[in-house]
Amino acid sequence: MLKAFYDYAIRNDLVLPPGYCNKTIQAYVSLSREGQFLGIILGDDTPVLSPDIGSLANGKEKCNPIVEKRSVIFKDASDLEDKAKMKRDFYYQVLEEGSDCVPEFEICVKAAQDEKTLLEISEALNENKIKGSERISFIVDGKKIVKAEGLRDWWNIYRKKFIHAEKKQKTICLITGEDTVPMETVPPVTGLAVVGGHARGDALICFDKSAFCSYDQKKSANAPVSETAFFAVKAALDHLLKKAPVLANMKFVHWYEQDIVAENDPVLSANFLGINMLVDDEEDEEISAEEKKNKARSSEKQASKLIKSVKTGEKIPHLLSQYTIILLSGVNGRVMVRQYEHGSYEELQRNIDLWNEQLELKALNGIQNEKSKKLSARLLCLLKNHNSESKIWDRVSKELSGITQAIIRAIIHGTSLPDAVALRSLAYIRSQMLENDENQTSMKIPDATACQWLKVWLMRKRKENEIMSEYDPKNKNAAYHCGAAMAVHAAIQNVAMKNVNATIVQRYYSSASQMPALVLGQISRLSAYHLEKIENEWLRKQYEEALNGAYCAIGNEIPATLTLEQQAYFALGYRQMCTKLQKDKNERIEKIKNNVKDQNM
């Protein structure tokens, strides 16, 4: 995994020089050449390459030079104990020792020794609402000291004080396989704060507990990595985490070994992470619009031919690209790798196309398919139905973090979904069908997304493509047609008796979906009474035909109890019969309109 990050950084020119880190600076303290305070200049979100001592700055004695928190560089008036005094002394000691190479340092040190100047700086920082936790630096004579002439030469030599290489034995780097003096500690990785990580960063390699160590090795000796190689890994992680979407309290990081245009990225498809996850990066102005279009068209054509070749056997040039997918979160200051996947682009494309195909389910009008949804939105149907949904995404993170990984693995590899998906989807549907909404006049229908989960689960469990996107009267599963019959009974009552305290669905759906033989006979007797109340002859005939068809398809015997698989078929049959009835009704209305129009003509 580390090698994959390293290769990504090298391929995309992300490698930072050892001892440096990109940092955002919120404000600069501007000083004249004589050390007079001129004012505060606010920074922006642009990262600035700055000297960094890594995790050594996490202790009580040392801090990063040049760019640090306000509370470190200047005393915080609210901190009566002055907890950062040792760090502050170290900061100015470094500047003083480097003043021979970078003269601007001496001006900064003298300004910090003048009480009047310190008071002015503190007041100005407060006026600009610069917090103690925000990073600041200095500008001397109009030039930022972080970009001062001679800074890099000085730091490349000075930073070796923190590396006691002469006392260490060389070993093999786990990332590059080359001989190296391993890093004693590694800098933290940023970008996981929204998924349980710390704002200051989390450790990717950490051996601070004896249980983590092997063969009496200490710290870095357990996983030796060279400084150059690890900074490449860190640069790749920091870069990828910035644009990675959050899925069930995990960062979804992915990339390809070969450049793939966003339109051809199967991971960003509408039914996976969602098409709106695409990041519109600014294109190079030198590339014309026509060149961009030709490039995208060529890439799309090559990718499409590659997928088709799997079916036709046609020999075409191979698209040499591999995907890498990693799910990451932060736990107790450490980077937690939740899942790691690596494989070929064409296999990923094929499996995600299969996912999209199996999700197809007709909408309520029975004509179009249900609209695409992001995977994160689909996960909501796997939660328990609560009255309060104010912290819905927190619940997704807590309740579904484990099942989400299994779902992603199933989508990527085209394998079976876990049974928990079916259990949760059925529980969601039952809860939804039992809700009592006084304002709702139409009959209740199982949630489309929950039924899509059931459809995919069934198709992958049985490994048969027998479940259609609409009602299938030839389906051989009796439970499927039991659900369809139940839907017709519910539709009959909804037309015959609009205002009832408890509908057939509310009273019987839960038991019918588990023990249909016990319930359907009783419901049939009620429907016979309800059918007599329907005045519309065509509608009454439609319901009678639908009932006869469903019961004939069930066969000689109604199942006494239903297994988990049969319960899923029951819910699908119910929903698809509802869409069929609505489609037939809409088609009749359209025919009547056309006939009236013809008569008028």
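Since this is a predicted model, take the numbers as computed values, not measurements.

Conventions and cut-offs
- Residues numbered from 1 in each chain as written.
- Predicted model: local features only at pLDDT ≥ 70, side-chain atom pairs only at ≥ 80, totals over all residues.
- Heavy atoms only, no water.
- Core = buried A, V, L, I, M, F, W, Y, C linked by side-chain atoms within 4.5 Å.
- Buried < 20%, exposed > 50% of the residue type's maximum accessible area, 1.4 Å probe, protein only.
- Contact = heavy atoms within 4.5 Å.
- Patch = residues over 30% accessible without salt bridge, like charges linked within 9 Å, V, L, I, M, F, W, Y side chains within 5 Å.
- Areas by Shrake-Rupley, 256 points an atom, 1.4 Å probe, with all protein chains shown as cover.
- Salt bridge = Lys/Arg side-chain N within 4 Å of Asp/Glu carboxyl O.
- Helix = DSSP H or I, 4+ residues; strand = E, 2+ residues; numbered from the N terminus.
- Pairing = 2+ DSSP bridges.
- Lys, Arg positive; Asp, Glu negative; His and termini not counted.
- Charge placed at Lys NZ, Arg CZ, Asp CG, Glu CD.

Enquirer: Go over the nonpolar core with me, naming the residues and quoting the values.
Expert: Ile-407, Trp-453, Met-486 and Tyr-574 are the most contacted members of the largest nonpolar core, which totals 90 residues. Trp-453 has contacts with Trp-355, Leu-375, Arg-378, Leu-379, Cys-381, Leu-382, Ile-407, Leu-417, Val-421 and Ser-425, leaving out every residue within four places of it along the chain. Core analysis: the second largest hydrophobic core is formed by 45 residues, Ile-40, Ile-121, Val-140 and Trp-154 among them.

Enquirer: Break down a nonpolar patch on the surface for me, with residues and values.
Expert: Taken together, Met-1, Val-337 and Tyr-340 make up a surface patch of nonpolar side chains, about 220 Å² in accessible area. Inspection of the secondary structure assignment puts Val-337 in strand E12 (residues 334-344).

Enquirer: Quick one: what's the story with the pairing of strand E6 (residues 135-140), residue by residue and with numbers?
Expert: For a regular strand, the rule is simple: side chains alternate between the two faces of the sheet. Counting buried residues along E6, five of its six residues qualify, which places the element largely inside the surrounding structure. The pairing of strand E2 (residues 27-31) with E6 spans five bridges and is parallel. In the sheet register, Val-29 faces E6, and the bridge partner there is Phe-138. Pairing of E6 with strand E7 (residues 143-144) involves two bridges; the strand directions are antiparallel. In the sheet register, Val-140 faces E7, and the bridge partner there is Lys-143. Where E6 hands over to E7, the hairpin turn is made up of two residues, of which Asp-141 adopts a positive phi near 55°.

Enquirer: Lay out the environment of Leu-237 with the relevant residues and their values.
Expert: Mapped onto the secondary structure, Leu-237 falls in helix H7 (residues 227-243). Between the C-alpha atom of Leu-237 and that of Gly-191, which follows or precedes it by 46 residues, the distance is 8.4 Å. Sequence-distant contacts of Leu-237, that is, excluding residues within four places in its chain, are made with Phe-5, Val-189, Leu-204 and Leu-328.

Enquirer: Describe in detail the side chain of Ser-425, supporting the description with residues and values.
Expert: Among the secondary structure elements, Ser-425 is positioned in helix H12 (residues 419-434). The contacts of Ser-425, once residues within four sequence positions are left out, are Cys-381, Leu-382, Ala-450, Trp-453 and Leu-454.

Enquirer: An account of a negative patch on the surface is needed here, citing residue identities and associated values.
Expert: Taken together, the side chains of Asp-114, Glu-115, Glu-120, Glu-123 and Glu-127 present a region of like negative charge at the surface. Counting through the fold element by element, Asp-114 comes out in the loop between helix H4 (104-113) and helix H5 (115-127). On the accessibility criterion, Asp-114 (34% relative accessible area) is partly exposed.

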